[in-house]
There are 2 protein chains.
Amino acid sequence: MKAIIIHGGVRVYGKLKENPERVDELRKAVKMGYETLIEGGSALDAVEASVRYMEDSPLFNAGYGSSLNILGEVELDASIMDGRSLRAGAVGGVKGVRHAITLARAIMEETPHILLVGEGARKFASIIGMEVNEDLVYEARKQLYEAYMKGVGKKGFPSYLPSPELIRNYLADTVGAVAVDDKGRLAAATSTGGIMMKLPGRVGDSAIIGAGTYANEAGACSGTGVGEAAMKVLGAKQVVDLISEGTHPQKAVEEVLRRLWEKTKTPFGFIAIDREGNIGYAHSGVGLWYAFSKGGVIEAHVERRRVKVEE
Amino acid sequence: MKAIIIHGGVRVYGKLKENPERVDELRKAVKMGYETLIEGGSALDAVEASVRYMEDSPLFNAGYGSSLNILGEVELDASIMDGRSLRAGAVGGVKGVRHAITLARAIMEETPHILLVGEGARKFASIIGMEVNEDLVYEARKQLYEAYMKGVGKKGFPSYLPSPELIRNYLADTVGAVAVDDKGRLAAATSTGGIMMKLPGRVGDSAIIGAGTYANEAGACSGTGVGEAAMKVLGAKQVVDLISEGTHPQKAVEEVLRRLWEKTKTPFGFIAIDREGNIGYAHSGVGLWYAFSKGGVIEAHVERRRVKVEE
């Protein structure tokens with residue numbers, strides 16, 4: 001049974017603001033993906049369509065409107081995976097490309113590689129006809145950046161490194177999608193601008209198969225949270241491994257959130273789906289932006305309820 | 001009990017050539033690491049020392065003497081992980097830096113990030129005082145490259161992509177090391193120039209925590225083989241997970257090689273170690289270059305015996 005669930009990031013610390021515009025955007029994004037499934041598109045087509053919508057929206061940290069690195073630049077990470085074939089594509093630290101998820105898919109489909117990064121990734125994007133000089137800086141992000149740099153003052157780059165506090169407050173809003181189509185094919189996709197004030201060339205979990213994105217014949221998962229912590233524990237693969245053993249996606253994401261808390265004391269958010277269209281979503285932070293569409297129902301919310309973890 | 005085991009890559013297909021010079025180099029490299037342990041260095045210091053030695057040697061595909069990408073350039077991947085803290089550092093697609101493993105360690109120790117790639121990674125290397133304009137092209141690799149490009153003829157970059165046959169014949173010789181020190185601390189390190197004729201910006205499993213490199217409090221593992229297949233199945237983490245459950249490192253590497261064959265039909269090689277200094281090494285290809293040092297004994301060989309997998 002076809003279904004799709006998407007996320008617009010997890011708020012890991014601090015206060016969650018009401019943001020009805022973002023919930024609206026989530027609803028539209030999941031509708032794009034679900035309509036793709038209705039029109040006969042594959043799970044892969046559906047997750048790409050939803051993620052592309054969110055990459056276009058400045059309300060999410062992906063594509064246009066992404067976080068800025070310490071030089072004020074947008075550098076994007078994304079990955080996509082097809083569950084049946086285990087084929088995967090990913091891009092890390094690429095500039096000027098609005099739809100990093102589409103570039104990741106092209107890397108999967110048109111090269112013998114999985115991950116291309118930096119200028120090489122951009123060169124490949126240009127060769128296959130993608131626009132590689134898009135201005136992805138959104139005014140509100142720029143103001144945030146300028147305020148920071150003022151605060152940082154003379155400690156500017158290169159001596160300045162993003163502090164743990166900064167990371168705590170301003171990472172979030174990565175986007176992702178997982179879907180199953182009528183043929184039982186599963187796919188997962190994740191896209192992000194990464195953390196605000198990151199060093200140039202920093203690549204996070206959203207570009208890493210197993211960390212931010214994973215899919216196999218049984219399940220698919222996309223994660224969000226502190227990328228560096230996620231890269232050490234490879235949460236998305238853990239979720240899919242549990243689903244492969246017969247665990248319901250909801251139980252799987254909750255169990256992995258507890259495990260990751262134990263190992264890293266860091267909040268994360270996950271969405272997951274299985275072949276039957278059962279969905280799961282949960283977080284161990286302050287709020288997870290999510291939306292799903294299944295059997296004619298579309299829901300979009302911020303989940304505030306936090307998975308119980310041992311503090 | 002302190003111990004170290006290193007590898008100089010797996011030959012995945014074709015014929016294995018006798019190469020006594022390379023076995024000699026392996027012996028010297030493992031001696032470097034073991035002496036570091038004797039002098040009171042940590043497991044992390046030891047794996048870095050052994051890998052640095054192999055990065056300097058043109059007989060391995062890491063540092064000086066690395067594979068060339070399709071533009072004739074050396075682009076390096078490396079990663080390092082400290083088992084006790086789960087701290088990790090990695091670098092992908094960096095040019096001009098001889099010791100990618102030392103750069104990976106600096107990223108771990110001096111930034112809040114795990115993975116820096118491309119020009120950003122190089123910029124960081126330069127800021128911390130590393131030489132970033134080293135000529136890493138070894139004459140024999142250049143001749144190989146030129147022969148290829150002649151064969152490719154007018155189908156040159158960008159239309160030419162490395163064929164599966166090319167990848168089958170010329171990837172290998174990635175280097176890695178895993179060690180335990182007298183305090184029971186574990187570490188793993190992997191470094192490579194990646195596959196010959198790769199696209200610019202291609203990053204393989206050697207830069208990915210969980211794929212090519214993993215360590216925790218119980219065990220450490222470094223892998224080698226077809227990077228793209230390794231990135232889908234995260235073999236190094238699977239080996240360490242088995243060791244964490246009490247499996248002997250030798251049994252762990254053999255079991256994971258069988259699992260990965262089933263999933264990917266692709267040969268790999270792994271080395272692993274546990275807290276007690278028990279070691280494991282095995283491959284599912286044609287030969288694995290390895291050396292270990294433990295309790296005064298140093299051995300260096302090519303392991304030809306292949307783990308039995310269901311074909």
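Parameters and conventions
Residues numbered from 1 in each chain as written. Chains lettered and ligands numbered in written order. Predicted model: local features only at pLDDT ≥ 70, side-chain atom pairs only at ≥ 80, totals over all residues. Heavy atoms only, no water. Axes fitted to C-alpha atoms, helices over the stretch in contact; angles between N-to-C directions. Helix = DSSP H or I, 4+ residues; strand = E, 2+ residues; numbered from the N terminus. Parallel < 35°, antiparallel > 145°, perpendicular 65-115°, else oblique. Left-handed = near helix turned anticlockwise from the far one by under 90°. Contact = heavy atoms within 4.5 Å. Buried area = accessible area lost by both parts, 1.4 Å probe. Polar contact = N/O pair within 3.5 Å; in protein donor to acceptor, adjacent residues only side chain to side chain. Nonpolar A, V, L, I, M, F, W, Y, C, P; charged D, E, K, R; others polar. Pairing = 2+ DSSP bridges. Core = buried A, V, L, I, M, F, W, Y, C linked by side-chain atoms within 4.5 Å. Buried < 20%, exposed > 50% of the residue type's maximum accessible area, 1.4 Å probe, protein only.

Next up on the list: the packing of helix α8 (residues 235-244) of chain B against helix α9 (residues 249-264) of chain B. Residue and element names in this part refer to chain B. Where α8 meets α9, the closest approach of the two axes is 9 Å, and the angle between their N-to-C directions is 140°. Taken together, the axis directions place α8 and α9 in an arrangement best described as oblique. Where α8 crosses over α9, the two elements pack in a sense that is right-handed. Across from Gly235, Gln238, Val239, Leu242 and Ile243 in α8, the residues of α9 making contact are Pro249, Ala252, Val253, Glu255, Val256, Arg259 and Leu260.

Let's shift gears to the interface of chain A and chain B. In many reports, interface size means the accessible area that the parts give up when they come together. At the junction of the two partners, chain A supplies 42 residues and chain B supplies 42 residues. Buried area between chain A and chain B, both sides added, is near 3300 Å², and the carbon and sulfur share of it is 74%. Taken together, the connections running from chain A to chain B amount to ten residue pairs in polar contact (both at pLDDT 80 or more). At the level of elements, β4 (115-117), α4 (118-127), β7 (202-203), α7 (227-233) and α8 (235-244) of chain A are the ones that each hand at least two residues to the side of chain A that touches chain B. Tallying contributions element by element places α4 of chain A first for the side of chain A that touches chain B, with five residues. Residue composition of the side of chain A that touches chain B, grouped by class: 26 nonpolar, seven polar and nine charged. With two bridges connecting them, β7 of chain A and strand β4 (residues 115-117) of chain B associate as antiparallel partners. Opposite Arg202 of chain A, over in β4 of chain B, you have Leu116 of chain B as the bridge partner.

A few words now on the nonpolar core. Among the nonpolar cores identified, the biggest contains 110 residues, and Val239 and Phe270 of chain A together with Val239 and Phe270 of chain B are the most heavily contacted of them. Contact partners of Val239 of chain A, with chain neighbours within four places excluded, come to Cys221, Ala252, Val253, Val256, Phe270 and Ala272 of chain A. Counting residues in hydrophobic clusters, the runner-up holds 106 residues, among them Ala121 of chain A together with Leu26, Val30 and Ala177 of chain B.

Residues and elements named next belong to chain A. On the basis of which strands lie adjacent, the open sheet formed by four strands has the order β8-β9-β10-β11 and antiparallel pairing. The two strands at the open ends of the sheet, each matched to only one other strand, are β8 (213-215) and β11 (279-283). On average, each strand axis in the sheet is tilted by 10° relative to the strand beside it, whichever way the strands run. Examined bridge by bridge, β8 and strand β9 (residues 219-225) share three bridges and lie antiparallel to one another. Residue pairing for β9: Thr213 is matched across the bridge by Ser222. Sheet contacts for α8: β8, β9 and β10 (268-274); angle to β10, the most-contacted strand, approximately 35°. Along the sheet, helix α9 (residues 249-264) makes contact with β10 and β11, crossing β10 at roughly 150°.

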